[in-house]
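# Coordinate analysis (summary)
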Amino acid sequence: MDYAVHASIPINQSASISHTYISRDNPMSNEATNIGASPSSEREDKVMLDFYIGLGLAVSSSLFIGSSFIIKKKALIKLASEECTARASEGGFGYLKEWMWWLGVITMGLGEACNFAAYAFAPASLVTPLGALSVLVTAVLSSHLLKERLNLLGKIGCAVCLLGSTVIVIHSPKEEEVASMADLALKMKDAAFILYVIAVILATLFIVIYICPRYGRSNILCYISVCSLIGSLSVLSVKGLGLAIKETLSGNQQFTNLLTYFWLFSVIACVSVQLIYLNKSLDIYNTSMVTPIYYVFFTTFVILASSILYKEWSCLGASDVIGNVIGFLTTIIGIFQMQLFRDVNISLRHVRVLLNKPSCSLSQLEFHNSTSSLVDDLSPQQRRNVYT
């Protein structure tokens, strides 16, 4: 029966069917098919390799930058113990002669270099939120090396930051729409990107000229909003410059391309403005307030800008988008918890005592200024149990 059907089919169709039978049964034909599909597989492997390289560089950057703060702080503490040396806050420059301070500067330089390189390999929506890990590294190392207190809420905040960062890594985009300077030049002509740049420039000028002189010393958002808006453009510029360097190293010369120098000029201009207004904010307001608020605003604008220019979220499904948002919000909660409640005097031992006291309620707990205690309502004997 099979032979009769086969004989009734024209020769060309019979040959195609025979080829189909062979391709199913003959492993050599399957191997040939796989060889034909290998370019796509190689591209996916390259995309994942770039993603993991960028992820490793971003995590390394956070480790280096977080450690650099501790190293420089130890150098300044050492200098402060020497009475003959003027402190940095008093205008002294004795730290320039301290090798440990320079070690901190070199460590920070390595961190920034890793961060710069990470933008060339991984999406900005992955690299920027992972900057929260540097805050975590600083908090953990300061509690061990500088003997600064990291209370129970701070430790929980560290764990929450790690959880949020892990969620971001899992759900972040693994590949980008822009793979070359030619693609980037086309994306820069997009109306949405042009409107975003114009809106950022106009909003920044309005804040600098009108808002900051009037409310800069009373509203923490004035200077931080300038840093964040301009910071989003600086990240786009860094990523564009990193892409040019990456292509040049792969053999496609980009230093003859005017777009490379445009990104270089943009990096210098944006970072300069960013540093000026960040220093103004730190000079007026408490670091524990500036750090979390700046992280939230800066990361939000960077994710928005990179999604407009580099279309980083275009390949994500709904579940990954939701996962990114949840991971980002979780990281924000961890950052705020570490920074805003670091002066609250609470430990696991305090919690045990509070749980063992039936009459204790939340309404009875009072916080006093920046060194609050959650055991003020305990009896003398219970307080001795807490601190012994």
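Residues numbered from 1 in each chain as written. Predicted model: local features only at pLDDT ≥ 70, side-chain atom pairs only at ≥ 80, totals over all residues. Heavy atoms only, no water.

For the record, the criterion: UniProt positions are given in the numbering used here, feature names are shortened, and annotations may be inferred rather than shown by experiment.
With an unreviewed UniProt entry as reference, the chain is termed Magnesium transporter NIPA2, source organism Mesorhabditis belari. In its Subcellular location (unreviewed entry) section, the UniProt record describing the chain reads: "Membrane".

## Topic: the pattern of salt bridges
For clarity, the cut-off: Throughout this description, the term salt bridge denotes a Lys or Arg side-chain nitrogen within 4 Å of a carboxyl oxygen of Asp or Glu. Elements are defined by DSSP. Helices are runs of H or I of four residues or more, strands are runs of E of two residues or more, and each kind is numbered from the N terminus. For every residue, the accessible area obtained with a 1.4 Å probe (protein chains only) is divided by the maximum for its type, and the residue is called buried under 20%, exposed over 50%, and partly exposed between those limits.
Under the defined criterion, the tally for this structure stands at three salt bridges. In this structure, Lys46 engages Asp50 in a salt bridge whose closest nitrogen and oxygen atoms are separated by 3.3 Å. Placement of the pair is Lys46 and Asp50 together in helix H3 (residues 27-80), with a separation of four residues, close to one helical turn. Here Asp190 ties to Lys311 by a salt bridge, and the two come within 3.0 Å at their closest N and O atoms. Here Lys311 lies in the loop between helix H12 (287-309) and helix H13 (318-340) and Asp190 lies in the loop between helix H8 (181-187) and helix H9 (191-215), a separation of 121 residues in the sequence. Its relative accessible area of 22% is what places Lys311 among the partly exposed residues. It is possible to trace a salt-bridge network through shared partners that takes in Lys46, Asp50 and Lys246.

## What about the layout of surface pockets?
Gaps between atoms show up when a probe of the same size as a water molecule is rolled over them. What counts, and what does not: A cavity here means a set of 1 Å grid points, computed over protein atoms only, where a 1.4 Å probe fits but cannot escape. A pocket is an open set with protein on both sides within 12 Å along at least 5 of 7 lines, and lining residues have an atom within 4 Å of a point. Grid points are joined across faces, edges and corners, and a volume is the space filled by probe spheres set on the points. Charged residues are taken to be Asp, Glu, Lys and Arg, nonpolar residues to be Ala, Val, Leu, Ile, Met, Phe, Trp, Tyr, Cys and Pro, and polar residues to be all remaining types, Gly included.
As a volume, the second largest pocket reaches approximately 410 Å³. Elements supplying a minimum of two residues to the lining of the second largest pocket: H3, helix H4 (99-121) and helix H10 (221-249). Top element by residues in the lining of the second largest pocket is H3. It accounts for five residues. Split by residue class, the lining of the second largest pocket holds 11 nonpolar, one polar and 10 charged.

## So, the confidence of the model for the chain
Cut-off, in case you're wondering: Each residue carries a pLDDT score, the predictor's confidence in it, ranging from 0 to 100. Contacts: residue pairs with any heavy atoms within 4.5 Å of one another.
Counting all residues, the mean pLDDT for the chain is 79, and 77% of those residues have values of 70 or more. Averaged pLDDT values over the elements of the chain bottom out at 43 in helix H1 (residues 2-8) and peak at 95 in H9. Low pLDDT, under 50, characterises residues 1-25; the stretch is placed with eight contacts to residues that sit more than four places away or in other chains. Considering only residues more than four positions removed or in separate chains, one finds that residues 27-36, a stretch of pLDDT under 50, has four contacts.

## Here we look at the packing of H4 against H10
Heads up, the rule is: Inter-axis angles, ranging from 0 to 180 degrees, are taken between N-to-C directions of lines fitted to C-alpha atoms, where helices are fitted over the stretch in contact. For this classification, under 35 degrees means roughly parallel, over 145 means roughly antiparallel, 65 to 115 means roughly perpendicular, and everything else is oblique.
Contact pair H4 / H10: the axes reach a minimum separation of 8 Å and the direction vectors enclose 75 degrees. Judged on the interaxial angle alone, H10 and H4 are roughly perpendicular. Between H4 and H10, the contacting residues are Phe116, Tyr119, Ala120 and Phe121 on the first element and Val235, Val238, Lys239, Leu241, Gly242, Leu243, Ile245 and Lys246 on the second. Taken together, the residues of the contact of H4 with H10 break down into nine nonpolar, one polar and two charged.

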